[in-house]
Amino acid sequence: MHVISRKTLIDFYTIKDFSDSKGQLESWYYEAKNRDWASPAEVKEKYRSASILKNNRIVFNIAGNKYRLAVRVNFESKTIFIRLIGTHKEYDKIDAENI
């Protein structure tokens, strides 16, 4: 899968308050980059705690569910678009199915 954009993850975990997310975000990135997911069900097989939403949106729990990573996946083009990485408070302010 092609992940757009890793820089979003790096920008997040280089903030001092969010540095505890680095290991999991990097692991998620390399896992996603090296996968060839064809459906949300395949993602769910690997990430049981991920939330599958409408419009090919998926939300991953990061750092023991301290942070949320919301993505949009285009399974045909094998592309993952990072839509948000943030705290639960930040996540609660968005409509994850439409971002």
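Residues numbered from 1 in each chain as written. Predicted model: local features only at pLDDT ≥ 70, side-chain atom pairs only at ≥ 80, totals over all residues. Heavy atoms only, no water.

**Structural notes on the pattern of salt bridges**
The criterion, for reference: Salt bridge, as applied in this entry: a Lys or Arg side-chain nitrogen positioned within 4 Å of an Asp or Glu carboxyl oxygen. Only DSSP runs of H or I reaching four residues or more are called helices, and only runs of E reaching two or more are called strands; each is numbered from the N terminus. Buried means the residue's accessible area, taken with a 1.4 Å probe over protein chains only, is under 20% of the maximum for its type, while exposed means over 50%, and partly exposed covers the values in between.
In this structure the tally under the stated criterion is 5 salt bridges. Across the pair R6 and E26 runs a salt bridge, and its minimum N-O distance is 2.6 Å. A residue pair is termed long-range when its members are at least 10 positions apart, and R6 in helix α1 (residues 6-13) and E26 in helix α2 (residues 22-33) qualify at 20 residues. Judged by relative accessible area, R6 falls into the partly exposed class, the value being 28%. For E26, a relative accessible area of 12% gives the class buried. In this structure, E31 and R35 form a salt bridge, with 2.4 Å as the shortest nitrogen-oxygen distance.

**With respect to the packing of aromatic side chains**
We apply this condition: Stacked, tilted and edge-to-face are the three classes applied to pairs of Phe, Tyr and Trp rings, where Trp contributes its six-membered ring and a pair requires centres within 6.5 Å; stacked means planes under 30 degrees apart, edge-to-face means over 60, and tilted covers the rest. Two conditions define a charge located above a ring, namely a distance within 6 Å from the ring centre to NZ of Lys or CZ of Arg, and an angle within 35 degrees of the ring normal.
All told, the structure shown has 7 aromatic pairs when counted by the stated rule. With centroids separated by 4.4 Å and ring planes inclined at 5 degrees, the aromatic side chains of F12 and F18 adopt a geometry described as stacked. Residue F12 is classed as buried on the basis of its relative accessible area, which comes to 6%. An aromatic cluster is built from W28, W37, Y47 and F60, whose rings are joined through pairwise contacts. Its guanidinium or amino end placed over the ring of Y47, K46 lies 6.0 Å from that ring's centre, counting from NZ or CZ.

**Some words on the sheet that holds strand β3 (residues 57-62)**
For clarity, the cut-off: At least two bridges found by DSSP between two strands is the condition for calling them paired. Should any heavy atoms of two residues lie within 4.5 Å, those residues are considered in contact. Only the stretch in contact is used when fitting a helix axis, every axis being a line fitted to C-alpha atoms; angles between N-to-C directions are given from 0 to 180 degrees.
The mixed open sheet is built from 5 strands, whose spatial order is β1-β5-β4-β3-β2. With partners counted over all chains shown, the strands left at the sheet margins are β1 (2-4) and β2 (51-52), one partner each. With 6 bridges joining them, β3 and strand β4 (residues 67-74) adopt antiparallel strand pairing. Each bridged residue has a counterpart across the sheet, and for V59 the counterpart in β4 is A70. Here α1 sits on the sheet and contacts β1, β4 and β5 (79-87); the angle it forms with β5, its principal contact strand, is near 15 degrees.

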